[in-house]
Amino acid sequence: MPPKKRKTSDASIEGQNGTYAIKKGRPDLHRPHPNAKQTEDFGIVLRDNERCEAYNNGTLERPIETLEKACRETAQKRQSITPGNAVVHWFKRDLRLHDNRALHLAYQTARENQNPLIALYIQSPQDLAAHITSPAQVDLSLRTLRQLQRDLGELDIPLYMETQETRKAIPRRVVELCQQWGAKHLYANIEYEVDELRREAKLVRLCAENDIHFAPSHDTCVVTPGLLASQQGRQYAVFTWWFRSWLAFLKENPDYLEVSEEPGSNPGDARGQFANLFNCAVPEAPRNKQLSDEEKSRFEKLYPTGEHEALQRLEKFLEEKGRGYEAGRNIVAKEQTSVLSPYFASGALSARTAVATAKRVNKNHLDRYDQGYMTWISEVAWRDFYKHVLVHWPFMGMNKCFKPEHTDIEWEYDEEQFQAWCDGKTGFPLVDAAMRQMRHMAWMHNRTRMVVSSFLSKDLLLDWRRGEQYFMANLIDGDFASNHGGWGFGSSTGVDPQPYFRIFNPIRQSERFDPDGQYIRRWVPELRSVQGNAIHDPYDRGAAATAEKHGYPRPIVQHAASRDRALERFKRALKK
Ligand SMILES: Cc1cc2nc3c(=O)[nH]c(=O)nc-3n(C[C@H](O)[C@H](O)[C@H](O)COP(=O)(O)OP(=O)(O)OC[C@H]3O[C@@H](n4cnc5c(N)ncnc54)[C@H](O)[C@@H]3O)c2cc1C
């Protein structure tokens, strides 16, 4: 059955009917959650559950609706704006020329009006701090900007970059720059996090007041958030149903997989006209986001810079590993996955291009022919799914769980155990290997992300939000929606989660997904000489002397007892 279209959103943000209004001055929305005292020590602001209810029953406007309303209410004004002397594209997490919706629109407008196109990037240390962006990701973005500047330069398009310390100042600054350059048209792609949507809404109004045409574009998802709904007109909370609807939508609307052309060269003498904007210095990483020289060169080797690399990796992966993906993707030592997530996160690669390319090599099918390609397409769809979820249930971006009762679970805050988990010293070899892989590569295999998130939240019963934060602070592919979604799955507190009573046994997971211990031996040198099955549980399987000799820690918890404790704690909160 084809999906019904949701009423509150569309591929174009303009022309919608808003039905919600913010009820201002509601103290219930600011009341702290009973667990807030404990979480605030870890920078986790936790409000009571009324906020979720307010979004769910429509008495609190969603940030996407705030943006839609701003676009709707300024639409008439926008129509009256005449072309200026330039068109601006504001790059954010869309650092590519290929298949970039807003950039393409910007170039079209520039060409129609014989205007030069100017590209803009603003680094905001406050934004990086708020999103806990890892130094590895900051470095990748800055490297990508350098590459982008070169590519744009070949088209005579300048890339102006600067740092704005205060995130609140950004909308005003963007308008100022447009005015300085005589630009009457501004383009940008929408970011779906709560603060970003609200900022975008503010900018839409500010631009309209200042005679600048700005209506941001949907770009980062293959299918725009808000377009898929169940027969009852609701947002799906279960991936399987949502994915069916996603596939049906793309079959009905194949244009959603059409990639946008790259911009062409600027007309006339753009170099002469905007000479001071060419050769702009790429911003420095803020102090607390800097890498050592050794880390820089390590990450650059692991994740070479830019969209050309991303597109090559995509083609190579599909050609060499795509068919074997379904069979091999869970074997953690096999390196059967694409490792494209850093490029999706920095925007060097669009999800649309990824799915369109996979469809092409899969004889033009999304859900037939080769199982490897089909599964890979469905994995890329998970990325869309979690963004749809965040847009519809914005409280998920406010430290809340999908179901309010899950926010009531009583978590532990044992610092020593948390540190052992971070350091890869829990005494559970697969968990430790994974945490050390992340420390070295700023990346972790999906299977082990599931294992370590389950271990933190169930075996250690530590607040999953601390793990979520630690991942963001360390992953090169940190992406709020996917990370939150993954942690919601592992801790059984999110949408479509692992049921709370199904608790991964880290030793069993190790036997299944690293059967010969190759991954463990690679990342845990203390266990390299351990033979056979003992690699999964050295202290209980006759390799205690070797493990001890090399300083490998004993397990910090007993899985069976921890499991019982977790079940009891979940049941108590869920009143089972
Ligand atoms: C606890 C936890 C935290 C996670 N945090 C992040 C994160 O911060 N950023 C991030 O991009 N992914 C995150 N994921 C999802 C997934 O682990 C990574 O996307 C994947 O491991 C990246 O490797 P790859 O590019 O080789 O993936 P492939 O297997 O090649 O998949 C291709 C692409 O599909 C997408 N994808 C695959 N699996 C998922 C998934 N489960 N959820 C969402 N998208 C998916 C990614 O964009 C990925 O690059 C998390 C998963 C868990 C369980």
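Remember, predicted model here, so these are calculated numbers, not experimental data.

Calculation notes
- Residues numbered from 1 in each chain as written.
- Predicted model: local features only at pLDDT ≥ 70, side-chain atom pairs only at ≥ 80, totals over all residues.
- Heavy atoms only, no water.
- Helix = DSSP H or I, 4+ residues; strand = E, 2+ residues; numbered from the N terminus.
- Rg over C-alpha atoms; globule rule 2.2 N^0.38 Å.
- Buried < 20%, exposed > 50% of the residue type's maximum accessible area, 1.4 Å probe, protein only.
- Contact = heavy atoms within 4.5 Å.
- Near = heavy atom within 4 Å.
- Polar contact = N/O pair within 3.5 Å; in protein donor to acceptor, adjacent residues only side chain to side chain.
- Areas by Shrake-Rupley, 256 points an atom, 1.4 Å probe, with all protein chains shown as cover.
- 1 Å grid on protein atoms, 1.4 Å probe; cavity = no way out; pocket = protein on both sides within 12 Å on 5 of 7 lines; lining within 4 Å.
- Sits in = over half its atoms within 2 Å of the grid points.
- Nonpolar A, V, L, I, M, F, W, Y, C, P; charged D, E, K, R; others polar.
- Salt bridge = Lys/Arg side-chain N within 4 Å of Asp/Glu carboxyl O.
- Pairing = 2+ DSSP bridges.
- Axes fitted to C-alpha atoms, helices over the stretch in contact; angles between N-to-C directions.
- UniProt positions renumbered as here; feature names shortened; annotations may be inferred.
- Core = buried A, V, L, I, M, F, W, Y, C linked by side-chain atoms within 4.5 Å.

1. Let's talk about the overall build of the chain
In step 1: When helices and strands are tallied, the chain shows 26 helices and five strands.
In step 2: In terms of overall size, the chain behaves like a compact globule, its C-alpha atoms giving a radius of gyration of 24 Å where 576 residues would be expected to give roughly 25 Å.
In step 3: Looking at the chain as a whole, 61% of its 576 residues are labelled buried.
In step 4: The long-range share in the chain, meaning contacts at least 24 apart out of those at least 6 apart in sequence, stands at 78%.

2. Digging into the site of the ligand
In step 1: Taken together, 28 residues sit near the ligand, with Tyr325, Thr337, Ser338, Val339 and Asn446 positioned nearest.
In step 2: Note that an oxygen atom of the ligand is positioned 3.0 Å from one of the backbone N or O atoms of Ser341.
In step 3: Arg449 has a polar side-chain atom sitting 3.3 Å from an oxygen atom of the ligand.
In step 4: Calculation on the ligand without its partners gives an accessible area of 810 Å², and the protein chains cover 96% of this total.
In step 5: Taking a 2 Å distance to the grid points as the criterion, the majority of the atoms of the ligand fall inside the largest pocket.
In step 6: In terms of residue count, helix 16 (residues 371-392) provides more of the shell around the ligand than any other element does, six residues in total.
In step 7: Tallied by class, the residues present in the shell around the ligand amount to 14 nonpolar, nine polar and five charged.

3. Regarding the pattern of salt bridges
In step 1: Under the counting rule described, the total for this entry stands at 43 salt bridges.
In step 2: The salt bridge partner of Arg167 is Asp195, with a shortest N-O separation of 3.2 Å. Taken together, the residues Arg167 in the loop between strand 3 (159-163) and helix 7 (170-181) and Asp195 in helix 8 (residues 194-209) connect sequence positions 28 residues apart.
In step 3: Between Glu511 and Arg541 there is a salt bridge, with the nearest N and O atoms lying 2.6 Å from each other. Placement of the pair is Glu511 in helix 23 (residues 506-513) and Arg541 in the loop between helix 24 (518-523) and helix 25 (544-549), with a sequence separation of 30 residues.
In step 4: Owing to a relative accessible area of 24%, Glu511 belongs among the partly exposed residues under this scheme.

4. Brief notes about the sheet that holds strand 1 (residues 86-91)
In sheet architecture, strand pairing relies on hydrogen bonds along the backbone and comes in two forms, parallel and antiparallel.
In step 1: Strand order across the open sheet formed by five strands is 3-2-1-4-5, with parallel pairing between neighbours. Every interior strand has two partners, whereas the edge strands, strand 3 and strand 5 (213-214), have only one.
In step 2: The pairing of strand 1 with strand 2 (residues 117-123) spans five bridges and is classified as parallel. Across the sheet, residue His89 finds its bridge partner in strand 2, namely Ala119.
In step 3: Packing of helix 4 (residues 101-112) onto the sheet brings it into contact with strand 1, strand 2 and strand 4 (183-188), and relative to strand 1 it is tilted by some 175°.

5. Structural notes on the UniProt feature "site: Electron transfer via tryptophanyl radical" (unreviewed entry) in the chain
In step 1: Mapped onto this structure's residue numbering, the UniProt feature "site: Electron transfer via tryptophanyl radical" (unreviewed entry) falls at Trp411, Trp464 and Trp487. In three dimensions, the annotated residues from a span of 77 residues occupy one location, with a maximal C-alpha spread of 14.5 Å. Lining the largest pocket, from the residues named above, are Trp487.
In step 2: Inspection of the secondary structure puts Trp411 in the loop between helix 17 (404-407) and helix 18 (415-423).
In step 3: By relative accessible area, which is 3% here, Trp411 ends up buried.
In step 4: The residues contacting Trp411, other than those within four sequence positions of it, are Gln38, Ser457, Leu461, Leu462, Asp463, Trp464, Arg465, Ser491, Thr493, Arg569 and Phe570.
In step 5: Tracing the backbone shows Trp464 in helix 21 (residues 464-474).
In step 6: Every residue in contact with Trp464, bar those within four places of it in the chain, is listed here: Cys401, Trp411, Leu456, Ser457, His484, Trp487, Ser491 and Thr493.

6. Points about the nonpolar core
In step 1: Among the nonpolar cores identified, the biggest contains 113 residues, and Trp242, Trp246, Leu250, Trp376 and Trp421 are the most heavily contacted of them.
In step 2: Here this core gets nine residues from one element, more than from any other, and that element is helix 16.
In step 3: Once you skip the residues sitting within four places of it in the chain, Trp421 turns out to touch Thr426, Val431, Met435, Val452, Phe455, Leu456, Leu460, Gly467, Tyr470, Phe471 and Trp487.
In step 4: Residues Ala70, Cys71, Ile212 and Ala285 belong to the second largest nonpolar core, which totals 60 residues.

7. Quick notes on the side chain of Lys92
In step 1: In this fold, Lys92 is placed in the loop between strand 1 and helix 4.
In step 2: Here the side chain of Lys92 touches Glu200 through a polar contact of 2.7 Å, side chain to side chain.
In step 3: In contact with Lys92, not counting residues within four places along its chain, are Tyr121, Ala188, Asn189, Glu191 and Glu200.

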